[in-house]
Amino acid sequence: MSFAGRLVLGTFTVVALTLLVMVWGSERALRAGLERDLHTTLEREAVLVQAALPADTLAWQETVTRLSGQSGHRIVVRDATGQVRAASDSIFDQDVLRYRSAAAGPAITVEIDSRLDGVGELSALARSSMIGAALFALLVALVLAFFAGRSIASPLVVLSAAARAIAAGALPRFPRSGIPEVDSLVQALRQMNQQLADRFEELQQEKAEGTAVVDAMVEGIIVADSRGRIVTANPAARRLLGYDDDDQLPDLKTLFRDKEAREAVNEVLAGAVVQDRELDLDDQIISLNARSLAGSGAVLVLHDLTTIRRLEAVRRDFVANVSHELKTPLTSISGYAETLVEGGVEPATQRRFLETIRNNAQRMHRLVDDLLDLSRIESGRWVPRPEPTPVASLARDLFATAVDRANARGVTLDLALAPDAETLFADPEALGQILINLVDNSLRYTPSGGSITVRTRRLEDAIELAVIDTGSGISSDHLSRIFERFYRAEPSRSREEGGTGLGLSIVKHMVEAHGGSVGVESALGAGTTVWVRFPIPQDSVTTP
């Protein structure tokens, strides 16, 4: 029941009981007062009757009859023996009030009886009036209680709605009641709402900051509840596991397909701690750290070690390759030098030994230079300075330095430049080194009678520079790896020709530093074409 209803019901009950007691008490008091008044009246009448009795006892009956008719009361006169000497004709069977009075003179007793009908009628009339007044008073009280209840309950109802709005996170409306106690409660609720709003804003900000930090982490973060349902998974975790941002993630127990990863998850859900456990997930090496939460559930941290492990492998291969590349010339130099130190070597043989030592020293020098160039490019310490660069002049300078070697091998050098692709937007020094490395590489694998052609052509958004040879070609098994450091399709032949195995790798890095791309087309016995493409600047026009 509402507050107003309870107030009206309570008021009705209290007022009704009060009026009931008042009506009952008033009626009793009124009847008692009327009976007292009647008793006093009968007492006076008895005295008057005694005084009115004549001396002749024979006339008493007539006097009593006359007085009874005048008063409407029954009068009885008795002597000292109790015998009736005179009596009126009125007979009252019940509900009478009797008064007996002894005469002061002769020993007689006067009895006066009066019916109580008048008292009852007056009492009933008074009771009816009081009940009517009580009902009216009750109605007025109910009306007043109703309006009073509404005036009190209305702000409480609004206050209750405000409390529900606060709980729902909506904007509350606070009432103005004019009742000090209610206004005090309103003020306390308003302060509480403000404090909750401030605290909620702080929590929202902290949550946003925490979410931003988690989302920005390179490590994958996964949080699951006590039933294994994933409640948080940052973008890094989704990326590592191959899920899109809007994909529904399965439960933690079925999240991983790898058996070892599933076992690690079961250990964590059982309360164990997993630290630095490496897992192989779809060609990825993942480090897993996980632990159960105090309130049940678990948190998993995934760190992608794929790049690190590959870099470690590259580093190991690099050290091994460099060691191998240096070991061969060092062995030759050391062996020939020891022979020369021992003496007794003929001049012709001595000269041949010294040339071998010089060639191997030059090979080591080229290797060190290429390593330094590659290191500068990969570390970002080398930045190209592109400018319009004519290809023809660079190619002719290159041919001038390589013509003796080409003639010795019986190889022809040709230049085929497209009219609209004679100028590249590239770093001149870098473009020269690119040409040298590509032509030098082709010379090693082009037999006598073959040719090497430097060709250019214009594409939609780039200029392509290609070095085409008629050499032995490269099998498809090697094409995808020829731009790797120290990779050789024919290792023994390359070393014999003095190659370092870094030329094509340097070409690739230099071109990509310009925003371009490299590629190769080759087949065994059909020659090789290595092309590089330099983007055409949007705000410049290449000259033919």
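Let me sum up the structure you'll find in this document.

## Observations concerning the overall build of the chain
Thinking step 1. Check the secondary structure of the chain and you find 13 helices and 16 strands.
Thinking step 2. When the 544 residues of the chain are sorted by exposure, 36% land in the buried category.
Thinking step 3. Residue pairs in contact within the chain that sit at least 24 positions apart in sequence constitute 57% of those at least 6 positions apart.
Thinking step 4. Taken as a whole, the chain presents about 31700 Å² of accessible surface, with 55% of it coming from carbon and sulfur.

## Quick word on a nonpolar patch on the surface
Thinking step 1. Taken together, the side chains of Leu139, Val143, Phe146 and Phe147 define a hydrophobic patch exposed on the protein surface, amounting to about 380 Å² of accessible area.
Thinking step 2. Note that Phe147 resides in helix H3 (residues 117–168).
Thinking step 3. A relative accessible area of 53% means that Phe147 is categorised as exposed.

## Things to note about a negative patch on the surface
Thinking step 1. Taken together, the side chains of Asp215, Asp244, Asp245 and Asp246 define an acidic patch exposed on the protein surface.
Thinking step 2. Its location among the elements puts Asp245 in the loop between helix H5 (235–241) and helix H6 (259–269).

## Here's the deal with the sheet that holds strand S16 (residues 528–535)
The strands making up a sheet associate through backbone hydrogen bonding, with each pair oriented either parallel or antiparallel.
Thinking step 1. Ordered in space as S11-S13-S14-S16-S15, the five strands form an open sheet in which the pairing is mixed. Only two strands of the sheet have a single neighbouring strand rather than two, namely strand S11 (412–416) and strand S15 (517–522). Each neighbouring strand pair of the sheet contributes to a mean axis angle of 15 degrees, computed without reference to strand direction.
Thinking step 2. Where S11 meets strand S13 (residues 451–458), five bridges bridge the pair, whose relative direction is parallel. Looking across to S13, one finds that Thr412 is bridged to Ser451.
Thinking step 3. Here helix H10 (residues 428–445) sits on the sheet and contacts S13, strand S14 (462–469) and S16; the angle it forms with S14, its principal contact strand, is near 25 degrees.

## Describing the packing of aromatic side chains
Note on aromatic pairs: each is described by the distance of the centres and the angle between the planes.
Thinking step 1. According to the stated counting rule, one finds one aromatic pair in the structure shown.
Thinking step 2. For the pair Tyr336 and Phe353, a centre-to-centre distance of 4.5 Å together with 50 degrees between the ring planes defines the contact as tilted. Taken as a pair, Tyr336 in helix H7 (residues 306–342) and Phe353 in helix H8 (residues 347–379) lie far apart in primary sequence, 17 residues in all.
Thinking step 3. Under the relative-accessibility criterion, Phe353 is labelled buried at 11%.
Thinking step 4. The ring of Trp531 carries the charged tip of Arg533 above its face, separated from the ring centre by 3.7 Å.

## Describing the pairing of strand S4 (residues 109–115)
Thinking step 1. The buried count for S4 comes to five of seven residues, which makes it a mostly enclosed element.
Thinking step 2. Here strand S1 (residues 74–78) pairs with S4 via five bridges, running antiparallel. Of the residues in S4, the one forming a bridge with Arg74 is Asp113.

## Comments concerning unusual backbone geometry
Thinking step 1. One non-glycine residue with positive phi stands out, namely Asp276, at about 50 degrees.
Thinking step 2. Within the secondary structure, Asp276 sits in strand S7 (residues 274–281).

## A closer look at the sheet that holds S7
Thinking step 1. Pairing is antiparallel in the open sheet, where five strands are placed in the order S6-S5-S9-S8-S7. Where the open sheet ends on each side, the last strands, each with one partner, are strand S6 (230–233) and S7. Strand after strand, the sheet turns through a mean of 20 degrees between neighbouring axes, direction not considered.
Thinking step 2. Pairing of strand S5 (residues 220–224) with strand S9 (residues 298–304) involves five bridges; the strand directions are antiparallel.

## Some remarks on the pattern of salt bridges
Thinking step 1. By the definition in use, this model includes 10 salt bridges.
Thinking step 2. A salt bridge links Glu464 to Arg533; its shortest N-O distance comes to 2.7 Å. Of this pair, Glu464 sits in strand S14 while Arg533 is found in strand S16, placing the two residues 69 residues apart along the sequence.
Thinking step 3. Residue classification places Arg533 among the partly exposed residues on the basis of a relative accessible area of 24%.
Thinking step 4. For Glu512, the salt bridge identified is with Lys508, shortest N-O distance 3.0 Å. Of this pair, Glu512 and Lys508 both sit in helix H13 (residues 503–513), four residues apart, which is roughly one turn of the helix.
Thinking step 5. Judged by its relative accessible area of 39%, Glu512 falls in the partly exposed class.
Thinking step 6. With a relative accessible area of 25%, Lys508 lands in the partly exposed category.

## Overview of the nonpolar core
Thinking step 1. Of all hydrophobic cores here, the largest spans 43 residues; its most connected members are Leu465 and Phe534.
Thinking step 2. Per-element accounting of this core gives the leading share, seven residues, to H10.
Thinking step 3. Discounting residues that sit within four places of it in the chain, Phe534 has contacts with Leu424, Phe425, Ala426, Leu431, Ile434, Ala462, Ile463, Val511 and His514.
Thinking step 4. Core analysis: the next-biggest nonpolar cluster, separate from the first, contains 25 residues, Leu241, Ala261, Val265 and Ala290 among them.

## Brief notes about the side chain of Ser287
Thinking step 1. Note on placement: Ser287 falls in strand S8 (residues 284–292).
Thinking step 2. Relative accessible area serves as the criterion here: at 7%, Ser287 is assigned to the buried category.
Thinking step 3. Each residue touching Ser287, except ones within four places of it in the same chain, is listed here: Asp276, Arg277, Glu278, Val301, Leu302, His303 and Leu305.

Thresholds, definitions, all that
- Residues numbered from 1 in each chain as written.
- Predicted model: local features only at pLDDT ≥ 70, side-chain atom pairs only at ≥ 80, totals over all residues.
- Heavy atoms only, no water.
- Helix = DSSP H or I, 4+ residues; strand = E, 2+ residues; numbered from the N terminus.
- Buried < 20%, exposed > 50% of the residue type's maximum accessible area, 1.4 Å probe, protein only.
- Contact = heavy atoms within 4.5 Å.
- Areas by Shrake-Rupley, 256 points an atom, 1.4 Å probe, with all protein chains shown as cover.
- Patch = residues over 30% accessible without salt bridge, like charges linked within 9 Å, V, L, I, M, F, W, Y side chains within 5 Å.
- Salt bridge = Lys/Arg side-chain N within 4 Å of Asp/Glu carboxyl O.
- Lys, Arg positive; Asp, Glu negative; His and termini not counted.
- Charge placed at Lys NZ, Arg CZ, Asp CG, Glu CD.
- Pairing = 2+ DSSP bridges.
- Axes fitted to C-alpha atoms, helices over the stretch in contact; angles between N-to-C directions.
- Phe/Tyr/Trp six-rings, centres within 6.5 Å; stacked < 30°, edge-to-face > 60°.
- Lys NZ or Arg CZ within 6 Å of the ring centre and 35° of its normal.
- Core = buried A, V, L, I, M, F, W, Y, C linked by side-chain atoms within 4.5 Å.

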